[in-house]
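Chain by chain, the residues:
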Amino acid sequence: MLRSREAVRTLPSYHPPLAGRDGLRLDFNENTVGCSPRVLERLRQLSPDQLASYPEREPVEAAVADILGIAARELLLTNGVDEAIHLLCETYLETGDEALIVVPTYSMYRIYMMAAGARVISVPAGKDFQFPGGDVCNQITKRTRLIAIANPNNPTGTVTPLEDMRRIAHSAPHVALLVDEAYFEFYGQSMLASRNEFSNLFVARTFSKAYGMAGLRVGMLVGEAEQMRAVRRVSSPYNVNAVALACLPEALGDQAYIQQYVREVRESRARLQRALEASGIQFWPSHANFVLARVGAAASFVESMRRRGILVRDRSGDHGCEGCVRITLGPREHADRLLAALQETFEELGIAQGVPRR
Ligand code: PMP
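What you are looking at is a predicted structure, and each value in this text was computed from that prediction instead of being measured. (Residues numbered from 1 in each chain as written. Predicted model: local features only at pLDDT ≥ 70, side-chain atom pairs only at ≥ 80, totals over all residues. Heavy atoms only, no water.)

Let's talk about the overall build of the protein chain
The number of helices and strands found in the protein chain is 14 helices and 13 strands. The globule rule puts the C-alpha radius of gyration for 358 residues at 21 Å, and the 21 Å found for the protein chain is close to it. Taking the principal axes of the C-alpha coordinates as reference, the protein chain spans close to 55 × 55 × 50 Å. Burial status across the protein chain gives 54% buried among its 358 residues. Residue pairs at least 24 apart in sequence account for 70% of intrachain contacts in the protein chain once pairs closer than 6 positions are excluded. With an accessible surface of roughly 15900 Å², the protein chain has 50% of that area assigned to carbon and sulfur atoms. A distance of 2 Å separates the average location of the 41 positive side-chain charges in the protein chain from that of its 41 negative side-chain charges. (Helix = DSSP H or I, 4+ residues; strand = E, 2+ residues; numbered from the N terminus. Rg over C-alpha atoms; globule rule 2.2 N^0.38 Å. Buried < 20%, exposed > 50% of the residue type's maximum accessible area, 1.4 Å probe, protein only. Contact = heavy atoms within 4.5 Å. Areas by Shrake-Rupley, 256 points an atom, 1.4 Å probe, with all protein chains shown as cover. Lys, Arg positive; Asp, Glu negative; His and termini not counted. Charge placed at Lys NZ, Arg CZ, Asp CG, Glu CD.)

A look at helix H5 (residues 80–92)
Here H5 contains 13 residues, and its C-alpha end-to-end distance of 19 Å stays within 8% of the 18 Å for a straight helix at 1.5 Å per residue. In terms of burial, H5 is largely enclosed, as ten of its 13 residues are buried. Those residues of H5 that fall on the buried side of the exposure criterion are Gly 80, Val 81, Asp 82, Glu 83, Ala 84, Ile 85, Leu 87, Leu 88, Cys 89 and Tyr 92. (Expected span 1.5 Å × (residues − 1).)

Considering the domain arrangement of the protein chain
Structurally, the protein chain comprises domain 1 (13–30 + 256–345) and domain 2 (37–253). Distance from the C-alpha centre of domain 1 to the C-alpha centre of domain 2: 25 Å. Taken residue by residue, the interface counts 26 residues in domain 1 and 26 residues in domain 2. Inspection of the region where domain 1 meets domain 2 yields zero salt bridges. (Domains from an automatic or database assignment. Salt bridge = Lys/Arg side-chain N within 4 Å of Asp/Glu carboxyl O.)

Some details on empty space enclosed by the protein
If you roll a probe as big as a water molecule over the atoms, it shows you where there is empty space left. Within the structure shown, the criterion is met by one cavity of 30 Å³ or more. Here the largest cavity defines a volume of roughly 120 Å³. Surrounding the largest cavity, 15 residues form its lining, Val 102, Phe 131, Ala 150, Asn 153 and Thr 160 being those nearest its centre. In terms of residue count, the dominant contributor to the lining of the largest cavity is strand S5 (residues 144–150) (three residues). Partitioning the lining of the largest cavity into residue classes produces nine nonpolar, six polar and no charged. (1 Å grid on protein atoms, 1.4 Å probe; cavity = no way out; pocket = protein on both sides within 12 Å on 5 of 7 lines; lining within 4 Å. Points joined across faces, edges and corners; volume = space filled by probe spheres on them. Nonpolar A, V, L, I, M, F, W, Y, C, P; charged D, E, K, R; others polar.)

What to know about the layout of surface pockets
For the largest pocket, the calculated volume is near 560 Å³. Considering the residues around the largest pocket, the lining is formed by 28 residues, among which Tyr 14, Phe 28, Asp 82, Tyr 106 and Lys 209 are closest to the centre. No other element matches the three residues that H5 contributes to the lining of the largest pocket. When residues of the lining of the largest pocket are sorted by domain, at least three fall in each of domain 1 (13–30 + 256–345) and domain 2 (37–253).

Things to note about the sheet that holds strand S2 (residues 75–78)
One open sheet holds the seven strands; their spatial order is S2-S8-S7-S6-S5-S3-S4, and the pairing between them is mixed. Two strands close off the open sheet at either side, each with one partner strand: S2 and strand S4 (119–124). Strand-to-strand, the axes of this sheet are offset by a mean angle of 20°, without reference to chain direction. Sheet analysis places S2 next to strand S8 (residues 219–223), joined by four bridges and oriented antiparallel. When the sheet's bridge partners are listed, Leu 75 is paired in S8 with Val 222. (Pairing = 2+ DSSP bridges. Axes fitted to C-alpha atoms, helices over the stretch in contact; angles between N-to-C directions.)

Some words on the environment of Leu 46
Checked against the element boundaries, Leu 46 lands in the loop between helix H2 (37–44) and helix H3 (48–52). As for Leu 46 and Thr 91, which are separated by 45 residues in sequence, their C-alpha atoms are 34 Å apart. Once residues within four sequence positions are removed from consideration, Leu 46 is found in contact with Val 243 and Ala 246.

Written out as structure tokens, the structure is:
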């Protein structure tokens, strides 16, 4: 009988609760209004020829590298950050190697690490989800091959000091360090500038969040040129489709659109955090486009919000996140709707003193 590899047989499956997402989607940290109109315009102009031919990644890669001020050799466009994570696992992990994450964090690290046959070492975050720099260093062994850090982190919105990541990259040259900057635009700090100092450092970015193109599946991985040659060997030459490649330069070209969106999300984030504070709900100040809040009965909360047309995500199953939900922010009008629904839900469930609307 045909049997899958043992690492695959024991793999937990990841089922994003995507079915029937009617309502205001504040559950997946997407852009809540969509991509730049320039991207849509480009989409409308696509020719049958462009769809009939295999996609050419390299010219777009060169253009993106230019915008970032890096060499094209240091950059690989990927099918979302998810593929970048997968490729790093395939490139660096052998069966029995150790791969390290700090929990709670993005679920796909564990899945791709396990699929590659690695032993996943989960280091618990400190108080208030602080990055446990000392514990991480103590857990690195000769078998450690990969460390993945989301910065800002999902689902907490907390950040890791750049100094801690530099210390890890420096002290463990045999370990690939992935700094996943999927939420970079909402934060502003990056490890990209340190890439020339550490040949074991990789930085990932996505166009799924601030850029509003999650459906197109495009992200990127940056690393030292020699290491990227190895990663490129593992990747399919056609990993990013022609539609995504056509749209990417337009998306990057419209920085005014991104800046405006980020500004509005930050304002909404401040409003939500003020509302939670005033209601006595515990939350963790966020540097991303979402906030993690401890509302208590998370499932009832999600359901009550859903009845009011707002989707939020139950994260109570994550390490240290008992009773927590994660709420994505959008621009002002979406924050208005969110805060109104929040007020009603709090009243219905009797869990807070009331939400100020401003
Ligand atoms: N990294 C983090 C930290 C994320 O939160 C997500 C999306 N939830 C991803 C990567 C996946 O991004 P992409 O859509 O580019 O695969």
